Structures are given as C-alpha cells and as structure tokens.
Amino acid sequence: MIDLILRGGNLPDGRHGVDIGIAGERIVAVEPNLAAKAGREIDVAGCLVSPPFVDAHFHMDATLSLGRPRLNRSGTLLEGIALWGELKPLLTVEALIERALAYCDWAVARGLLAVRSHVDVCDPRLLAVEALVDVRRRVKPYLDLQLVAFPQDGYYRSPGAPEQLRRALDMGVEVVGGIPHFERTMADGAASVRALCELAAERGLMVDMHCDESDDPMSRHVETLAAETVRLGLHGRVTGSHLTSMHSMDNYYASKLIALMTEARLNVVANPLINITLQGRQDTYPKRRGLTRVKEQMAAGLAVAFGQDCAMDPWYSLGSGDMLEVAHMGLHVGQLTGLEEMAACFRAVTETPARIMGLDGYGLAPGCYADCVVLQANDPVEAIRLRAARRYVLRRGRVIAEAPPAVSRLSLPGRPQAVDFRRAAATASEKGRAPG
Ligand code: FE2
C-alpha cells in the first residue's frame with residue numbers, strides 16, 4: 001500500500017526520471033516507472049529530489065538575536081564573543097525558545113531538517129540548555145536537533161565551566177564541545193582537549209570542538225584533537241569545527257597533520273560564510289581567506305561538511321538557514337570547481353553532515369525515512385548555482401513546506417514569456433552538431 005509517489009525526479013547520484021514510493025513514514029520504492037498507484041502523486045519531473053539538508057554546525061541559542069543589546073560595530077569574532085557575553089545576563093528561557101522556533105520555521109521552509117547546535121554552558125543558570133532541550137522535543141516531529149555542550153568562554157578559562165558542562169550532559173545534551181584556542185595558553189588548550197575527549201570516552205559520547213578558529217599558523221589543537229581521538233579509540237566519533245588555522249600553516253606541517261587526521265578519521269566542519277568574513281582581519285594585503293584546507297581534506301577521504309554556524313547573531317548579521325548558500329560560498333572560497341568537487345559541496349550540506357551526526361534512516365533508498373526536499377534544479381551543481389527553490393519539503397512522508405516555482409514573466413517581443421533559470425535541454429541543432 002503506497003500513500004504517495006513522487007514521479008519522475010532526478011536524484012543526486014545522477015539517476016533521472018525516478019519514481020519514489022512512500023508508505024507511511026518510509027520510502028518503499030525507488031525505481032523508474034513504478035507501476036503502483038497511490039492516493040497522492042506529485043509530478044517532480046525536471047526537479048532534483050534530495051535527502052534533506054543537514055547543518056552540522058550552528059548556534060541556535062544566539063540565532064536571531066541581532067542587535068541585542070547592540071550591534072557588533074567592528075564585525076570581528078572577538079567583539080562578537082564580547083557582545084554575546086553582554087547579552088547572556090539578559091537572556092530568558094522564553095525568548096530563547098521563541099527565537100529558536102522561529103529559526104526552525106526558516107529551516108523547514110529551506111528543506112533543512114537536521115541541525116547540530118552548540119549550546120553555551122558558561123552561564124551557571126544554563127538557561128540556554130534548558131531552552132534548547134525543550135526546543136529539541138518540540139521540533140522533533142519535523143526537525144532533528146542535536147546539541148553540543150559548548151564552553152564558549154573556555155573550559156578552564158571560565159570559572160564553573162567543567163561542572164556546568166557535565167550538568168548540561170546530565171540534562172540531555174548529546175555531544176561534548178570545546179574551544180581550546182580560547183583557553184589562556186596553548187598548554188591549557190591542549191589540556192582541555194585531553195579532558196574533554198576523556199569525558200566523551202567515559203560517557204560514550206561524540207565530540208565536536210571549535211578547534212583552532214584563528215589565523216595562527218602555530219596553533220596545534222587540531223593535532224592534539226586527532227592524537228587524543230586515536231589514543232582513546234574514538235575514531236570517526238570526533239569532529240573538528242572551523243580548523244581555520246590550517247589555512248595559514250606551513251604546507252609540510254599541514255600535509256603531516258592531514259595524515260594524522262585521516263588516521264583518526266576526524267570529521268571536519270568548515271563554516272565558509274562566517275570564516276570568510278571573520279578571518280584575516282589583522283592582515284593588510286594579501287588577506288587570508290581563513291577557510292580550512294577543504295580541498296586537501298576531501299582528497300584525503302575525510303568527511304568534510306559545510307555548516308551555517310550563525311544567522312543574525314552577534315557574529316554574523318546575515319544568514320537565513322539556506323544550506324545552498326553555504327555550499328555556494330564554500331565552493332567559491334575553497335576553489336572547489338572540479339566536477340567531483342562541486343558534487344562533494346552538495347554532499348557537504350546533505351549526506352556528509354548526516355553521517356557526521358549519525359542520523360538514523362537518512363537517505364533515498366527503500367527503508368529510509370521519507371524525508372526529502374524537491375529542488376527546482378536538474379542536478380546538485382545547478383541547485384547550488386541557483387540556490388534553487390524548494391518546491392516541496394517532506395518529513396516522514398508528509399509535505400510540510402512548499403513553494404511555487406521561481407519563474408520570471410517577460411514582456412519582450414520574440415522572446416519566451418517565462419524564464420526559468422534551469423539549464424535547458426539541448427536543442428535539435430546542438431544534438432546534431434559534431435564535437436569540436
Ligand atoms: Fe561555531
């Protein structure tokens with residue numbers, strides 16, 4: 001018994017004209033010309049049907065707080081952290097929940113159905129933890145929210161952070177975070193990485209640390225994180241977020257480090273929108289881009305995802321939950337214009353972060369949850385190029401968001417009346433033309 005069929009869509013792996021049959025909450029068939037009939041059928045010919053977008057790095061406790069209590073005048077990371085410190089005493093659980101739910105609405109409309117959010121534990125009241133644990137429960141029917149206990153002001157530098165971080169885990173936060181480059185010294189940073197990885201190993205949890213989010217070519221916390229991962233047998237369960245110092249490192253050292261990261265199966269989350277704006281601020285010219293070495297990490301076989309990181313908060317005035325915008329920026333800043341690299345940029349906002357987060361039942365195969373987004377684009381590269389319209393968003397077999405096609409009407413003599421920015425099919429004259 002099939003409830004819904006999406007007819008004739010293109011899939012991210014290159015298959016065209018595929019029907020997807022859905023029964024209840026699950027996908028039950030993925031094949032061309034599915035003979036069955038269903039109560040509802042949606043024609044998705046010429047559209048890309050993808051598993052939903054996934055954001056493996058976000059700060060939902062700060063989102064949509066732009067301007068409270070004031071704007072970030074310099075636009076720098078350090079003023080952002082200071083500003084967040086000014087906002088923290090003014091936070092209320094109600095306001096945190098309201099802003100987070102508003103962002104989740106945006107996310108759903110964009111086809112973003114899973115988010116890993118860091119939550120600051122350097123407030124003894126742990127209001128943000130209380131609020132986001134509640135938000136996680138409320139949004140569960142339509143969005144998977146995974147929380148990271150994040151000591152924003154430093155695990156050792158912020159009094160009370162070790163105890164508060166443990167309390168946050170006891171309250172149901174699932175992942176251990178950290179920020180070694182913000183500790184007082186390199187030695188404190190390394191000690192925090194060791195302590196936090198040991199805590200994760202003891203509790204059987206994953207790790208996701210803000211690590212070396214600086215322009216310092218001598219910062220060595222990625223190395224410590226990878227080495228601790230190996231020492232504690234946490235292979236594949238540890239993620240390094242940002243890793244921007246790698247941009248500035250000596251090439252020989254970076255090649256040695258990437259080999260160590262590969263041994264540890266360290267996951268990487270780069271945040272291109274934020275780091276292209278925040279890094280290199282003390283440079284004159286040339287100015288460093290500050291994105292970690294995505295091309296080389298991908299080539300080494302590491303799982304590399306792109307995260308949104310911020311949307312309208314003390315660090316970033318823009319952002320809208322659009323993971324195609326994130327992929328678009330990552331592709332450009334990382335010069336990832338090779339054919340396979342562009343495809344990897346699409347995976348960096350879909351299946352790769354899903355794997356990093358350990359999402360259950362994710363994908364477009366029989367047995368997976370019927371969660372997907374229908375994009376007005378022929379293929380993944382075109383989806384990035386157009387930041388394509390989300391025609392339909394499905395969660396557990398139900399359409400939970402939809403939007404009309406993006407089409408412009410023209411009034412030009414001799415020209416078509418409507419423009420759709422997808423690549424047109426080859427014309428008869430082109431098909432007949434000899435190569436070269
Ligand atoms: Fe972050």
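Definitions and cut-offs
- Residues numbered from 1 in each chain as written.
- Predicted model: local features only at pLDDT ≥ 70, side-chain atom pairs only at ≥ 80, totals over all residues.
- Heavy atoms only, no water.
- 1 Å grid on protein atoms, 1.4 Å probe; cavity = no way out; pocket = protein on both sides within 12 Å on 5 of 7 lines; lining within 4 Å.
- Points joined across faces, edges and corners; volume = space filled by probe spheres on them.
- Helix = DSSP H or I, 4+ residues; strand = E, 2+ residues; numbered from the N terminus.
- Nonpolar A, V, L, I, M, F, W, Y, C, P; charged D, E, K, R; others polar.
- Domains from an automatic or database assignment.
- Buried area = accessible area lost by both parts, 1.4 Å probe.
- Salt bridge = Lys/Arg side-chain N within 4 Å of Asp/Glu carboxyl O.
- Pairing = 2+ DSSP bridges.
- Axes fitted to C-alpha atoms, helices over the stretch in contact; angles between N-to-C directions.
- Donors = N, O, S within 2.8 Å, 3.2 Å for Na, K, Ca; no water.
- Buried < 20%, exposed > 50% of the residue type's maximum accessible area, 1.4 Å probe, protein only.

> Looking at this model, I keep getting lost on empty space enclosed by the protein. Mind explaining?
A water-sized probe, rolled over the atoms, reveals where empty space remains. Inspection of the entire model under this criterion finds 1 cavity of 30 Å³ or more. Space inside the largest cavity adds up to approximately 30 Å³.

> What am I meant to see in the layout of surface pockets here?
Approximately 640 Å³ is the volume attributed to the largest pocket. Forming the boundary of the largest pocket are 34 residues, of which Leu 77, Leu 78, His 181, Glu 213 and Ser 214 lie nearest the centre. Examining the composition of the lining of the largest pocket, we find that 3 residues originate from one element, helix α1 (residues 77-87), more than from any other. Estimated volume of the second largest pocket: approximately 270 Å³. The wall of the second largest pocket is formed by 14 residues, among which Met 298, Leu 302, Glu 340, Ala 344 and Arg 347 lie closest to the centre. Looking at the lining of the second largest pocket, the elements with two or more residues in it are α10 (294-299), α12 (339-347) and α13 (351-357). Its residues placed into classes, the lining of the second largest pocket shows 6 nonpolar, 2 polar and 6 charged.

> It is not clear to me how the domain arrangement of the chain should be interpreted in this structure. Could you clarify?
Quite often, the size of an interface is put as the accessible area lost when its parts meet. One can read the domain layout of the chain as domain 1 (4-51 + 363-405), domain 2 (53-357) and domain 3 (409-436). Centre-to-centre separation of domain 1 and domain 2, based on C-alpha positions: 30 Å. Surface buried jointly by domain 1 and domain 2 totals about 1,600 Å² across both partners, of which 69% is contributed by carbon and sulfur atoms. At the boundary of domain 1 with domain 2, the tally comes to 2 salt bridges.

> Where do I start with the sheet that holds strand β15 (residues 390-395) in this structure?
Two modes of strand pairing occur in sheets, parallel and antiparallel, and in both the strands are linked by backbone hydrogen bonds. Spatially, 4 strands are ordered β5-β14-β15-β16 in an open sheet, and the strand pairing comes out antiparallel. What marks the edges here is a single partner per strand, and that holds for β5 (48-50) and β16 (398-402). The mean inter-strand angle of the sheet, taken between neighbouring strand axes irrespective of direction, is 20°. Pairing analysis gives 3 bridges linking β5 to strand β14 (residues 372-375), with the strands arranged antiparallel. Paired with Leu 48 across the two strands is Leu 375, which belongs to β14.

> Sorry if this is basic, but what is going on with the coordination of the iron ion here?
By definition of the ideal shapes, four donors in a tetrahedron about a metal sit 109.5 degrees apart, and six donors in an octahedron sit 90 or 180 degrees apart. Summarising the metal site, the iron ion is bound by the protein donors His 57 (NE2), His 59 (NE2), His 210 (NE2) and Asp 309 (OD), whose distances to it range over 2.2 to 2.4 Å. Motif for the iron ion, donor spacing along one chain: H-x1-H-x150-H-x98-D. Taken together, the residues His 59 in the loop between β6 (53-58) and α1 and Asp 309 in the loop between β13 (304-306) and α11 (323-333) connect sequence positions 250 residues apart. For His 59, a relative accessible area of 7% puts it in the buried group.

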